[in-house]
Protein chains: 2
Amino acid sequence: MSGSAEPRPDRIPVGGEQSTIWVGEGLLEHAGRYLVSPSGRFLLIGSAAARPWTERVRAALPSAPLLDLTIADGEPAKTLAAVETIADAAFAAGVQRDDAFVAVGGGVATDVVGFAAAILMRGVAWNAVPTTTAGMADAAIGGKTAVNHARGKNLLGAFHPPRAILVDPSSLATLPDRDYRAGLVEAFKAAWIADGDLAARAGASLPRILARDPSALRDLLAGAARVKAGLVTEDARDDGARRLLNFGHTLGHALEAAGGYGSLRHGEAVAWGIAAALAISRRRCGLPDADAGAVREVLRGLGPFPEPPRDPARLAALLSRDKKASARGTAGVLLERIGRARVEESVSAEEWLEAAAIMTLS
Amino acid sequence: MSGSAEPRPDRIPVGGEQSTIWVGEGLLEHAGRYLVSPSGRFLLIGSAAARPWTERVRAALPSAPLLDLTIADGEPAKTLAAVETIADAAFAAGVQRDDAFVAVGGGVATDVVGFAAAILMRGVAWNAVPTTTAGMADAAIGGKTAVNHARGKNLLGAFHPPRAILVDPSSLATLPDRDYRAGLVEAFKAAWIADGDLAARAGASLPRILARDPSALRDLLAGAARVKAGLVTEDARDDGARRLLNFGHTLGHALEAAGGYGSLRHGEAVAWGIAAALAISRRRCGLPDADAGAVREVLRGLGPFPEPPRDPARLAALLSRDKKASARGTAGVLLERIGRARVEESVSAEEWLEAAAIMTLS
């Protein structure tokens, strides 16, 4: 595709006119058309790993950005101190209320920049340009922004949706294979909970998706974005439809924390969490064996994933600390069939631990 | 009033069922009846100066608070580091999503605790117990929370209204006279912009108010809260009716910053800003001389206030940096008559500087 060709992206609205997701190959070279700033001025912030893509976005802006800042990658960089660094740089650059940030990078970059945008002058506009599969399928969509606290992930944050989200599958070219595959778990998860046709198409295209074939990838990413946008629009906060997105996350969060966030990628932990949820879903919701097998087949294809921690005492403690555990017990999202999930309040910690003990992806 | 007597407070809703302001003498001894927590559990945070009142609130809680923390007073304490300290203590205490904070103190305490509540787990409930005239008349009402940044006041923050606001005039007993008087400027301001009857009553009661007479004070504070609640309900963010609350603030903010936040209290700077706005209002909106005289008379009674900085170059630079200046020019709020104000977009920085050069309260 040439740099000047019209990208004809998919346009996916989120929450009415609040956010718009654009999905298309070669989109970054035309970023200026899709990014939103009330003043027309942008503050550009890219993660170190995403630098080539940040440069592409910069070249496509209508004018030189007010700020051009590179921030560190990785969960340890997701701190309040990083937000303060961004605030310092933005104020030094003369940011005003009607300017807009652009975050280029993975979930860490969009979470940190989105949170900085949320609190600067009590909220300035921002845009997300995710350059990882995890960011494209999940982190950049829905308005949740946050940084970590010593006590846990995402404990300090805000709801502050980006105005535009630019998903350009070509920016995945530089993503390491392990991150590429782990992030796709979230994309397939979206299909499994709410779009059986997408799940079938993407499952059949798995070899092409793993080979980073642009059109197969675009179909999956646009489909996953549509699912998430639909659930988020129905339920801007966290109490209803949106909870279905937590499929695989109740146990997944505990597995991720038990490993100290270093050993398992988020998507890998979610893959194990889904494996456990399949067993409970078969018993409790009559999930057909064929559907469970198809999900497992895709997870195997995305893997192999590192073995998860299985110490029941450690996992039990972490399950009870879950952010969503407080008011509702340790709820779970179960699969009735591919394309249809439901929240089950009565899944006990014991059931999760039992499933964790025997879960397998082989 | 005995500790067990029914306080019969005024009940003032803000923004529908979002917040409720309660105004009444002896309210703190019954705080447990009015404070709101979804879980029934509270995290109590009081400023050092408000400690006697925090103890009264603690004694009135339904059970021992999950956290009982004292924080520093004064603008220099209004930092992101203070928010992090609160977050650390709250997580260490085991805070969960459905718990609620209670902030006891002046505007600094309610701003810092409210902002911490806004970002912990993306928002937990909080309650405000202002113990200064500035907090009761202004800071605790309306949902604006923030901390300062080296570049200016309130530059990092969130909209996050407290569930309940408890205004107990008896908690003003320990407030130093200078703070007491400066805070009342905001209470009178509310009357001047939107409630002529209140302005007349409170003006006539000024000697009793200055003597901290409970019933005169309660009438003014409840009336000011009603004005602010009404404007905030009409306009939750910042673009419409709520802007009338900025009467005296365009120049006031510049005067406060020019003095380095040490020399003038916020209310004192607003008093000078109102003095300047009166001159412009007479010329531009036909504010009657009698009304201007009545306002000035009250400001004189609340003072004398320290002389403001008048260096035009310094003030001009600060006026252009006003948070609200960006999109709209240096707008101003002018008085048409006592009880009726309007936003005037076309007031130039030059007009403010001219008025600042000659303003007087004598």
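Everything below is about the structure shown above.
Numbering of residues starts from 1 in each chain and follows the order in which that chain's sequence is written. For naming, the first written chain is A and the first written ligand is 1, with later ones following in the order written. Residues qualify for local features only when their pLDDT is at least 70, as the model is predicted, and side-chain atom pairs are given and counted only at 80 or more; totals for whole chains, interfaces and linings, by contrast, use all residues. Only hydrogens and water are set aside; all other atoms, that is, all heavy atoms of the structure, feed into the side-chain values.

1. Considerations on the sheet that holds strand β2 (residues 19–23) of chain A
Residue and element names in this part refer to chain A. Convention followed: By this definition, two strands are paired if DSSP reports at least two bridges between them. Here a strand is any run of E in DSSP of at least two residues, a helix any run of H or I of at least four, and the numbering for each starts at the N terminus. Axis definition: a line fitted to C-alpha atoms, over the contacting stretch in the case of helices. Angles run 0 to 180 degrees between N-to-C directions.
Judged by pairing direction, the sheet is mixed, and its seven strands sit side by side in the order β1-β2-β9-β6-β5-β3-β4 without closing on themselves. Edge positions in the sheet fall to β1 (10–14) and β4 (67–71), since each of these pairs with one other strand and no more. Across the sheet, the mean angle separating the axes of adjacent strands is 15° when strand polarity is ignored. Here strand β3 (residues 42–47) runs beside β4; their pairing, made up of five bridges, is parallel. Within β4, the position partnered with S47 by the bridge is I71.

2. Thoughts on the packing of helix α6 (residues 177–194) of chain A against helix α11 (residues 266–285) of chain A
The description of two helices packed together rests on the angle between their axes and the distance between the axes. Residues and elements named next belong to chain A. Selection rule: Oblique is the label for every angle not falling under 35 degrees (roughly parallel), over 145 degrees (roughly antiparallel), or within 65 to 115 degrees (roughly perpendicular). The crossing is said to be left-handed when, going from far helix to near helix, the turn is anticlockwise and less than a right angle, and right-handed when the turn is clockwise. The contact criterion used is simple: two residues touch if any of their non-hydrogen atoms lie within 4.5 Å.
Where α6 contacts α11, the axes come no closer than 7 Å and their chain directions differ by 45°. Between α6 and α11, the interaxial angle falls into the category oblique. As for how α6 packs across α11, the hand of that crossing is left-handed. Between α6, through R178, A182, V185, E186, K189 and W192, and α11, the contact on the second element is made entirely by H266, G267, E268, V270, A271 and I274.

3. Considerations on the side chain of N127(A)
Residue and element names in this part refer to chain A. Quick note on the threshold: Summary of the burial criterion: residues with accessible area below 20% of their type's maximum are buried, those above 50% are exposed, and those between are partly exposed, where the area comes from a 1.4 Å probe applied to protein chains only. In protein, a polar contact means a hydrogen-donor-capable atom and an acceptor-capable atom, both N or O and within 3.5 Å, with residues adjacent in sequence counting only if both atoms are side-chain atoms; elsewhere, any N or O pair within 3.5 Å suffices.
For N127, the position within the fold is in strand β6 (residues 125–130). Residue class for N127 comes out buried when judged on its relative accessible area of 0%. Among the polar contacts made by the side chain of N127, one reaches the main-chain amide nitrogen of V36 at a distance of 2.9 Å. Here N127 is in contact with L35, V36, F42, A100, F101, V102, A103, P162, R163 and A164, once residues within four sequence places are set aside.

4. Points about the pattern of salt bridges
Worth spelling out the cut-off: By definition here, a salt bridge exists when the distance from a side-chain nitrogen of Lys or Arg to a carboxyl oxygen of Asp or Glu is within 4 Å.
Applying the stated criterion across every chain, the model contains 52 salt bridges over all chains. For the salt bridge of E297(A) with R300(A), the shortest nitrogen-to-oxygen distance reads 3.1 Å. In this pair, E297(A) and R300(A) both sit in helix α12 (residues 289–302), three residues apart, roughly one turn of the helix. Owing to a relative accessible area of 49%, E297(A) belongs among the partly exposed residues under this scheme. Between R265(B) and D179(B) there is a salt bridge whose closest N-O contact spans 2.5 Å. Taken together, the residues span a long stretch of sequence, with R265(B) in the loop between α10 (249–258) and α11 (266–285) and D179(B) in helix α6 (residues 177–194) at a distance of 86 residues. Among the residues examined, R265(B) registers a relative accessible area of 29% and is labelled partly exposed. Among the ionic contacts, a cluster of salt bridges with common partners joins E336(A), R340(A), R342(A) and E344(A).

5. Quick word on the relation of the copies chain B and chain A
To keep it simple, the criterion reads: C-alpha atoms of residues with pLDDT of at least 70 in both copies form the basis for the least-squares superposition of the copies.
Between chain B and chain A, which share one sequence, the superposing operator has a rotation angle of 180° and an axial displacement of 0.0 Å; the RMSD is 0.0 Å. With respect to symmetry, the two chain copies, as superposed, fit the operation of a two-fold axis.

6. Comments concerning α12(A)
Residues and elements named next belong to chain A. How we decide: The span you would expect from a helix comes to 1.5 Å times its residue count less one. This arc is built from the directions going out from the helix axis to the C-beta atoms.
Counted at 1.5 Å a residue, the expected span for α12 with its 14 residues is 20 Å, and the 20 Å between its end C-alpha atoms agrees. Taken as a whole, α12 has its buried residues at D291, A292, V295, R296, V298, L299 and L302. Buried positions in α12, seen along its axis, are confined to an arc of 160° and lie on one side of it. Seen from the open side of α12, the exposed residues pointing more than 90 degrees away from its buried face are D289 and A290. Where α12 is buried, its residues contact α6, α7 (196–204), α8 (206–210), α11 and β10 (332–337).

7. Concerning the environment of A90(A)
Residue and element names in this part refer to chain A. Inspection of the secondary structure assignment puts A90 in helix α3 (residues 80–92). Judged by relative accessible area, which is 0%, A90 ranks as buried. Between the alpha carbons of A90 and T250 there is a distance of 37 Å; along the sequence they are 160 residues apart. When residues no more than four places from it in sequence are discounted, the contact partners of A90 are L43, L67, V95, F101 and L120.

8. Side note on the interface of chain B and chain A
Keep this limit in mind: A 1.4 Å probe defines the accessible area here, and the buried area is the portion of it lost by two parts on being joined, summed over both. All residues other than Ala, Val, Leu, Ile, Met, Phe, Trp, Tyr, Cys, Pro, Asp, Glu, Lys and Arg, Gly among them, are scored as polar; the first ten of these are nonpolar and the last four charged.
In this assembly, 32 residues from chain B lie in contact with 32 residues from chain A. Summed over both partners, the interface of chain B with chain A comes to about 2900 Å²; 58% of that surface belongs to carbon and sulfur atoms. Three residues, F91(B), R97(B) and R122(B), lead the burial of chain B against chain A; their summed loss comes to 27% of the area buried on that side. In this assembly, chain B and chain A are joined by eight residue pairs in polar contact (both at pLDDT 80 or more). At the level of elements, α3 (80–92), α4 (107–119), β7 (144–149), β8 (152–159) and α14 (325–328) of chain B are the ones that each hand at least two residues to the side of chain B that touches chain A. A breakdown of the residues in the side of chain B that touches chain A according to their chemical character gives 15 nonpolar, six polar and 11 charged.

9. A look at the sheet that holds strand β1 (residues 10–14) of chain B
All names here are of chain B. Read across the sheet, seven strands follow the order β1-β2-β9-β6-β5-β3-β4 without closing on themselves; strand pairing throughout is mixed. A strand with exactly one partner marks an edge of an open sheet, and here the two such strands are β1 and β4 (67–71). Neighbouring strand axes in the sheet, compared pairwise and without regard to direction, differ in orientation by 15° on average. Across the sheet, α3 is in contact with β3 (42–47), β4 and β5 (100–105); its angle to β4 comes to roughly 165°. Contacts from helix α9 (residues 214–234) reach β1, β2 (19–23) and β9 (164–167) within the one sheet, and its direction differs from that of β1 by about 20°.

10. Digging into the pairing of β1(A)
Residue and element names in this part refer to chain A. Where β1 lies against β2, five bridges are found, and the strand directions are antiparallel. Opposite D10, over in β2, you have V23 as the bridge partner. With antiparallel pairing between neighbouring strands as the criterion, β1 and β2 make up a hairpin whose turn holds four residues, including G15 at a positive phi of roughly 55°.

11. As for the packing of aromatic side chains
Aromatic ring pairs are reported here in terms of the distance separating the ring centres and the angle at which the planes meet. Selection criterion: Working definition: a ring pair exists when centres of Phe, Tyr or Trp rings (six-membered ring for Trp) sit within 6.5 Å. Plane angles under 30 degrees give stacked, over 60 give edge-to-face, the rest tilted. Criterion for a charge above a ring: Arg CZ or Lys NZ at most 6 Å from the ring centre, at most 35 degrees from the ring normal.
Across all of its chains, the model carries four aromatic pairs over all chains by this definition. For the ring pair W22(A) and Y34(A), a centre distance of 4.8 Å and an interplane angle of 50° mean the geometry is tilted. Note that W22(A) is positioned in strand β2 and Y34(A) in helix α1 (residues 31–34), a separation of 12 residues in sequence. Y34(A) shares its class with W22(A); the two are buried. Here the aromatic rings of F188(B) and W192(B) are separated by 5.7 Å at their centres, their planes lie at 35°, and the arrangement is tilted. Taken together, the residues span about one helical turn, with F188(B) and W192(B) both in helix α6 at a distance of four residues. Grouping residues by exposure puts F188(B) and W192(B) together as buried. The lysine or arginine in question, R212(B), covers the ring of Y180(B), its NZ or CZ lying 4.0 Å from the ring centre.

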